[in-house]
Amino acid sequence: MKIDCLLAGVGGQGTVLASKIIAQTAMSNQFFVRTSETIGMAQRGGCVVSHVRIGAEHCSSSIPMGMADLMIGFEPAEAVRSMGFLKPAGRLLVNINPIIPVTASLGGSSYPVNDIINYLQQARNKVILVDGQKLCRVAGSPKVLNIVMLGIAIKEGLLPFSKEDVLQTIKQNLPQRMIALNSQALEVGYHFNQY
Amino acid sequence: MNTKLLMGNEAIAHGAIRAGVNVVSGYPGTPSTEVLETIARDKNRKIYVEWSVNEKVALEVAAGAAYAGARSLVTMKQVGLNVASDPLMSLAYIGVKGGMVVLVADDPGPISSQNEQDTRHFAQYAHLPIFDPSTPEEAYEMIIDAFTLSEKYGTPVLFRPTTQVCHACASVEMKADLYTNNIEGFVKDPKWVIFPRLSYQNHIKIVENEAKISEDFSASIYNRIIGNGTKGIVACGASFTDTMEVLDSINHDVKVMKISTPHPFPEGLALQFLEGLDEVLVIEELDPVVEENLLKLCGKMGLRISIKGKLTGDLAVAGKYSYEIVKNAIYQFLGRDMVSIEALVALPPLPIRPPVLCAGCPHRASFYSVKMAMKRSKEKAIFTGDIGCYTLGNAKPLDMVDTCLCMGAGITIAQGLQRAEPDSKQIAFIGDSTFFHTGIPGIINAVYNETDITVIILDNSTTAMTGHQPHPGTGKTMMGNIAEKISIENVLKGCGVSFIKKANPLQLEEAIEIVTAATNYKGISVVIFEAPCIAMSKPTHINHIKESCIGCKKCIKEIGCPAMSTNVDKVSIHPDLCYGCNLCIQICPVQAIGGDL
């Protein structure tokens, strides 16, 4: 089995950690994994795109255009920016809370939030749009959007492993002081329909 | 079996540890930085690790260790090798005793570099062997062979991963066997002293060795021929995986040659590959190094084979090669029709999201205070920038970086500008780590030649851009020791600078006054702006917009802080991003910004 998963967000949203957790969990499930992402300049509030290729030994580390099985968008405009990577039948999970770049506030470029959300709603793909900010409030911190989104992805069957598998990865790879909060975030994401 | 998810740079580091490396030096530079950092975290082995002051110093430290029989590794990015090229070119003649690997990470794109130079040229120029891994797991194995080859021929060896290998992660099978290198010690011998006679003899020797290493490389497991056909594709380094992914998706007879040791070129293997071929496509990022080698070989052997690539316009001469670029080139070469991907519905307009200085970054305040000082004095000023986070000061609304060339060049470009345009003010910006790297000779030059410039040192107590590495001014070393902090002020005094003032850039009015005094000073004047990088401190409080805000947006328009945004006419401060630097408070004309302490 081969699954190509794309994560798109803004520097500081924890996209890279989310991709590491997906990759690590896939490895624990005996898959060969490749990942790649933008590091460096892009971290300073720029766009971040992480590629996770599960079961991809004889492949490049980047997903070709139109080949991603699913995309997790941490920010609506960034999800739309990366739409070209998604397969026509690829699944789409997007947080709808925009991060307005300072360039938009300065009048350099516009951020038509409604147009962007509409675009996602009307995409040919099966789409799940969530209010990540609200779910983060339930989880108790604005910094756990990445794990909340993973919880939703697991619940919706977008990734080939269980909540317990991801929890195991979190416990084995995150610092002790961050485990309780992130476990809680995973639960909130998993039960997102209740909130 | 112990399989781990490793980033390419981590895989290289673990490979070097497994090879028994004793001494590791380097200077931070994307995409190379994590190699040295990973080795420094290794608790089991007694490996000496240092961030050196610059790449020349680092390469010489590694060479000295290798003279004594240590296995040494030096790490840098591609432009760092320019700084280290003086010792490298001569070390190629002198050679080493212990295995020495010079890791130079290339950056096709470029993604975070000044240029797209190709280190494989350096290998040819210096007559040094070079490895070019295609994946993290290959790099893990390859670095060990690089050390072995270095000792076999007594030569430093170049190891050139590209960003696609450095920063990609893969499942890497970790091996338990560790090589232990016993350091014999330095043995005095005239061969370590470079003199013209010795250089002549060694020049002959290293060219002879190139022929032998070329034969070794023809038999290397990293180069191989796959498949059959009358059309051939040569795939180099990181382009190999893209090439194979494209070929795996189609059913077409084609002969592939993977090249991961481009110099000395494995001619024997290449001749075997060329046998029976009519046409060859060469897929390699950056410069047409392998393509030219094949052309030379065809010329030498009188082969009538068409070699296609960058020189024939079949592939782009610049930029990173994506899967799509590789696929297009292969389809065109094989005469296949492209299957068009179903087009997306036209995207709505998307906001531009360039990298910016972080909210609370003290550089923003430093740039703004200089901007204000120049605005008040109404003098023409040219702002020369340098390499680091603060290059981002060129973005609007700050717009305070007029030039940026290479490490340390801000101070010296300002001096040339001053000679050509003496009626303008020349103000150079440089960070603390860059100051130690190559800034100091420029300071001495300005003192010696009595050049009228102002230098602004942005001292945030770290090497921020590459991920917060320590440097001589921080008093911390990679071995965990607390060393004597080297004071920038004392260095400037020692260089003979007479106008030196320190200021906190976040105290805006005071900072503007000091900058004004510095620019009015005849001769070199230096302002050291001291304020730590926000990534190393916690926010003291968060600011918010009060009811009294008149919606003039002066705060946003003047400093462009990413924590601030506007929705229609209301300004708001994002509580997760604000660091409480208070710069906006000092700009608001109606005192409508305050903090919860």
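Residues numbered from 1 in each chain as written. Chains lettered and ligands numbered in written order. Predicted model: local features only at pLDDT ≥ 70, side-chain atom pairs only at ≥ 80, totals over all residues.

1. A short note on the nonpolar core
Here comes step 1: In this structure, Val148 of chain A together with Ala62, Ile143 and Val234 of chain B are the most contacted members of the largest nonpolar core, which totals 166 residues.
Here comes step 2: At nine residues, the largest contribution of residues to this core is made by helix H7 (residues 136-153) of chain B.
Here comes step 3: Both domains that furnish three or more residues to this core are identified here as domain 1 (2-217) and domain 2 (224-334) of chain B.
Here comes step 4: Residues in contact with Ile143 of chain B, not counting those within four places in the same chain, are Ile12, Gly15, Ala16, Ala19, Val101 and Phe159 of chain B.
Here comes step 5: Residues Cys389, Tyr390, Ile457 and Ile593 of chain B belong to the second largest nonpolar core, which totals 68 residues. (Core = buried A, V, L, I, M, F, W, Y, C linked by C-beta atoms within 7 Å. Buried ≥ 20, exposed ≤ 12 C-beta atoms within 10 Å, placed from the backbone. Helix = DSSP H or I, 4+ residues; strand = E, 2+ residues; numbered from the N terminus. Domains from an automatic or database assignment. Contact = placed C-beta atoms within 7 Å.)

2. Re the sheet that holds strand S14 (residues 381-384) of chain B
All names here are of chain B.
Here comes step 1: A sheet is described by the order of its strands in space; here five strands give the open sequence S14-S15-S16-S18-S17, paired in parallel fashion. With partners counted over all chains shown, the strands left at the sheet margins are S14 and strand S17 (499-503), one partner each. Taking the axes of each pair of neighbouring strands and ignoring which way they run, one obtains an average angle of 20 degrees across the sheet.
Here comes step 2: Here five bridges tie S17 to strand S18 (residues 525-530), and the two strands are oriented parallel to one another. Its bridge partner lying in S18, Ala503 is registered against Phe529.
Here comes step 3: Where helix H15 (residues 409-420) meets the sheet, it contacts S14, strand S15 (425-431) and strand S16 (454-459), and its direction lies at approximately 170 degrees from that of S15. (Pairing = 2+ DSSP bridges. Axes fitted to C-alpha atoms, helices over the stretch in contact; angles between N-to-C directions.)

3. Regarding the interface of chain B and chain A
Here comes step 1: Across the contact, 44 residues belong to chain B and 49 residues belong to chain A.
Here comes step 2: Put simply, the parts of the chain that give the side of chain B that touches chain A at least two residues each are strand S1 (2-7), strand S8 (169-174), helix H10 (239-248), helix H13 (323-334), helix H19 (554-559) and strand S20 (564-567) of chain B.
Here comes step 3: The element contributing the most residues to the side of chain B that touches chain A is H10 of chain B, with five residues.
Here comes step 4: For the side of chain B that touches chain A, a count of residues per class yields 25 nonpolar, ten polar and nine charged.
Here comes step 5: Two strands pair when backbone bridges link them, and strand S2 (residues 33-37) of chain A and S8 of chain B are joined in this way by two bridges, in the antiparallel orientation. Among the inter-strand pairings, Thr35 of chain A is bridged to a residue of S8 of chain B, identified as Cys169 of chain B. (Nonpolar A, V, L, I, M, F, W, Y, C, P; charged D, E, K, R; others polar.)

4. Some remarks on the packing of helix H1 (residues 15-28) of chain A against helix H7 (residues 163-173) of chain A
All names here are of chain A.
Here comes step 1: H7 packs onto H1 with a crossing angle of 110 degrees between their chain directions and a minimal axis gap of 9 Å. By the angle between their directions, the pair H1 and H7 is classed as roughly perpendicular. Read as a crossing pair, H1 and H7 show a hand that is right-handed. Residues Ile21, Gln24, Thr25 and Ser28 of H1 lie in contact with H7, whose contacting residues are Asp165, Val166, Gln168, Thr169, Ile170 and Asn173.
Here comes step 2: Its residues assigned to classes, the contact of H1 with H7 comprises three nonpolar, six polar and one charged. (Parallel < 35°, antiparallel > 145°, perpendicular 65-115°, else oblique. Left-handed = near helix turned anticlockwise from the far one by under 90°.)

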